[in-house]
Amino acid sequence: MSTLTIFNSVPAQKTSFSQESREIPAVLGTDLEVPVKGGQLVTYANLDYAASAPCLEPVSAAVNAALPAYSSVHRGAGYASQLTTARYEQARHTVRAFAGARADDAVIFTRNTTDATNLLARSLPEGTTVVVFDTEHHASLLPWPSAVRLSPPPFPGEAVRQVDSVLSEITGPKLLVVTAASNVTGELWPIAALAHVAHRHGARILVDAAQLVPHRRLNLTALDLDYVAFSGHKLYAPFGAGVLIGRRDWLSDGEPYLKGGGAVKSVTDVTEWHDDAEPRHEAGTPNVLGAIALAAACDALSATGWNVLVREEERLLARLRSGLAAVEGVHELSLWGPDHPRVGIVSFVVDGYSAREVAEALSGEYGIGVRDGKFCAHPFVRHLLGESDGGCEDGTASAVRASIGIGTTEEHVDRLVSALRDLVSR
Ligand code: PLP
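The structure displayed is predicted, hence computed values, not measured ones. (Residues numbered from 1 in each chain as written. Predicted model: local features only at pLDDT ≥ 70, side-chain atom pairs only at ≥ 80, totals over all residues. Heavy atoms only, no water.)

Asker: Describe in detail the overall build of the protein, supporting the description with residues and values.
Answerer: Looking only at helices and strands, one finds 15 helices and 17 strands in the protein. For 426 residues, the compact-globule estimate of 2.2 N^0.38 gives 22 Å, and the C-alpha radius of gyration of the protein, at 22 Å, lies within 12% of that figure. Burial statistics for the protein: of 426 residues in total, 55% are counted as buried. Restricting the contact set of the protein to residue pairs at least 6 apart, pairs at least 24 apart contribute 71%. Positive and negative side-chain charges in the protein, numbering 36 and 49 respectively, have mean positions lying 3 Å apart. (Helix = DSSP H or I, 4+ residues; strand = E, 2+ residues; numbered from the N terminus. Rg over C-alpha atoms; globule rule 2.2 N^0.38 Å. Buried < 20%, exposed > 50% of the residue type's maximum accessible area, 1.4 Å probe, protein only. Contact = heavy atoms within 4.5 Å. Lys, Arg positive; Asp, Glu negative; His and termini not counted. Charge placed at Lys NZ, Arg CZ, Asp CG, Glu CD.)

Asker: Please give an account of the pairing of strand β14 (residues 345-350) that cites residues and values.
Answerer: Of all 6 residues in β14, 5 are buried; the element is thus mostly enclosed. Sheet topology note: the strand β13 (residues 330-332)/β14 ladder contains 3 bridges and is antiparallel. In the strand pairing of β14, His-331 is matched with Val-349. Bridge analysis of β14 against strand β17 (residues 399-403) gives 4 bridges, and the strand direction is antiparallel. Considered in β17, the bridge of Phe-348 is made with Val-400. (Pairing = 2+ DSSP bridges.)

Asker: A description of the pattern of salt bridges should follow, citing residues and the corresponding values.
Answerer: Within this structure, the stated rule accounts for 27 salt bridges. For Asp-249, the salt bridge is made with Arg-204, and the minimal N-O distance between the two is 2.7 Å. In this pair, Asp-249 is assigned in helix α9 (residues 248-253) and Arg-204 in strand β8 (residues 204-208), connecting sequence segments 45 residues apart. Classification of Arg-204 by relative accessible area gives buried; the value is 16%. With its nearest N and O atoms 3.9 Å apart, the salt bridge here joins Arg-356 to Glu-360. In this pair, Arg-356 and Glu-360 both sit in helix α13 (residues 355-366), 4 residues apart, roughly one turn of the helix. A network of salt bridges, in which partner residues are shared, links Glu-312, Arg-315, Arg-319, Glu-410 and Asp-414. (Salt bridge = Lys/Arg side-chain N within 4 Å of Asp/Glu carboxyl O.)

Asker: Just give me the short version of unusual backbone geometry, but keep the residues and values in it.
Answerer: The phi dihedral of Asp-224 falls on the positive side, at around 60°, and the residue is not glycine. Among the structural elements, Asp-224 can be located in the loop between α8 (220-223) and β9 (227-231). Look at Asp-224 and you get partly exposed, because its relative accessible area is 35%. Of note, Cys-376 is a non-glycine position whose phi angle comes to about 55°, a positive value.

Asker: An account of the side chain of Thr-117 is needed here, citing residue identities and associated values.
Answerer: With respect to the secondary-structure elements, Thr-117 resides in helix α4 (residues 113-123). A distance of 2.6 Å separates a polar atom in the side chain of Thr-117 from the backbone oxygen of Ala-139. Setting aside residues no more than four positions away along its own chain, Thr-117 makes contact with Ala-139, Ser-140, Pro-143, Trp-144, Leu-206 and Ala-229. (Polar contact = N/O pair within 3.5 Å; in protein donor to acceptor, adjacent residues only side chain to side chain.)

Asker: Now, about helix α12 (residues 306-325): what can you tell me, with residues and values included?
Answerer: Along its 20 residues, α12 runs 27 Å from first to last C-alpha, staying within 8% of the 28 Å computed at 1.5 Å per residue. What α12 keeps buried is the set Trp-306, Val-308, Leu-309, Val-310, Glu-313, Leu-316, Leu-317, Leu-320, Arg-321, Gly-323 and Leu-324. Close packing links the buried residues of α12 with α3 (79-99), α11 (288-304), β13, β14, β17 and α15 (410-425). (Expected span 1.5 Å × (residues − 1).)

Asker: How would you sum up empty space enclosed by the protein? Please name residues and give values.
Answerer: A water-sized probe rolled over the atoms picks out the places where empty space is left. Using the criterion set out here, one finds 1 cavity of 30 Å³ or more in the structure. Looking at the largest cavity, its volume works out to about 50 Å³. Lining of the largest cavity is provided by Tyr-49, Ala-50, Ala-53, Gln-211, Pro-214, His-215, Lys-234, Tyr-236, Ile-404 and Gly-405. Grouping the constituent residues of the lining of the largest cavity by class yields 6 nonpolar, 3 polar and 1 charged. (1 Å grid on protein atoms, 1.4 Å probe; cavity = no way out; pocket = protein on both sides within 12 Å on 5 of 7 lines; lining within 4 Å. Points joined across faces, edges and corners; volume = space filled by probe spheres on them. Nonpolar A, V, L, I, M, F, W, Y, C, P; charged D, E, K, R; others polar.)

Asker: Describe the domain arrangement of the protein, and please don't skip the residues or the numbers.
Answerer: If you check the domain split of the protein, you get domain 1 (64-303) and domain 2 (305-425). In this structure, domain 1 and domain 2 have C-alpha centres spaced 28 Å apart. Contacts between domain 1 and domain 2 engage 33 residues on the former and 32 residues on the latter. A combined buried area of about 2700 Å² lies between domain 1 and domain 2, and 62% of that area is made up of carbon and sulfur atoms. Looking only at domain 1, the three residues that lose the most surface to domain 2 are Val-184, Glu-187 and His-215, adding up to 25% of its buried area. Taking the shortest distance from any N to any O, the salt bridge between Arg-216 and Glu-313 comes out at 3.7 Å. (Domains from an automatic or database assignment. Buried area = accessible area lost by both parts, 1.4 Å probe.)

Asker: Outline the site of the ligand, supporting the account with residue identities and numerical values.
Answerer: Around the ligand lies a shell of 13 residues, among which Thr-114, Asp-208, Ser-231, His-233 and Lys-234 are the nearest. Between the ligand and the protein, one listed contact pairs an oxygen atom with a side-chain N or O atom of Gln-211 at 2.7 Å. Measuring from an oxygen atom of the ligand, one finds a side-chain N or O atom of Ser-231 at 2.6 Å. For the ligand, whose free accessible area comes to 390 Å², the fraction covered by protein is 91%. Classifying every residue of the shell around the ligand gives 2 nonpolar, 9 polar and 2 charged. (Near = heavy atom within 4 Å. Areas by Shrake-Rupley, 256 points an atom, 1.4 Å probe, with all protein chains shown as cover.)

Asker: Tell me about helix α14 (residues 378-385), residues and numbers included.
Answerer: Those residues of α14 not exposed but buried are Phe-380, Val-381, Arg-382 and Leu-384. On its buried face, α14 sits against β16 (371-373). Looking one or two residues past α14, Gly-386 carries a phi angle of roughly 70°, positive in sign.

So this is what it looks like as structure tokens:
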């Protein structure tokens, strides 16, 4: 049987994004019991989705279905190899559709978002100037050999103005790097307006969509973005796979990201590298199960319908934010004010407690998992906390982050709010 025949025999994946509403799929681990002070067990309240989201049941099922027949991809003639190759390439197709990418965009599987931004950094044409805000996650802030760093804009329109001004002064290739949804405040950035102004100055735009895709539909084509990067483990798929999607030319010309088998057409005295962006940058045996998991998550979210997902998240987010606002001594962090649209991520500080003390008490006494620290966005968290410096170690320049998604319940939210009320009243 040819690869093509097998490809056609892989169950067709849903790749359209109708707004039809289906039931929200379940996540694994909702009955996890954890020990708290005093020795009893309580059901875990996972409020740390922005770090890594739990695995969706349909994702687990897709991985289990692929496991018995998995084999090497791209190089084997055996049936299992061809089947696995077909599943891997189907996953690429599904992820492309999920992101609303153009037909000719490259879709390169990576380990995660950090890997994807680093891949693009190595493919930039010589002399490219990168422009990036200080509000970025380190994955988007640090990979560039040098970058023009912009200070956090006091309102969204100022972000566009700053970019307009700085890009007008740069000659040669330029790349604007910006996150779609902040991993610190959840606030949504004006990426369509930023893409527009970038293109007006002949620049390209890379959008870090790591925190957008679990919460909102992404349409790269409609937004006119050049590149997007995101991770499977924040999108309800287990660890290990991410993606870089975008324009082929820089990627086809760029230095192969990994050098080894699969990236070459032939090796004699000279090495002839693949011009195609995908094989060029995906040397070695890829994370096939990771790609299948990522694609299954994309399918499951699309099949549920974004209207359903967003409505449910906004309901719980409003409950969380109003609950926190009602606790004296708890202060939510925000760049653009309480009314700016955001995804289900809230960072806050608690008077009289370090972030570490709060996170440890929430875990040890109430069975609640949150994140504390600077969330790999040190300059931004320092800015929000009004500090020019400060280490994480003593908790002085840190915050607590609660983040929600599929599987979050009212009880989780209420437990957090009531635990904080207990803490501040001590
Ligand atoms: N970008 C944003 C906005 C993030 O929140 C994160 C992870 O927290 C990353 C990039 C990096 O993702 P990964 O650790 O999967 O590479």
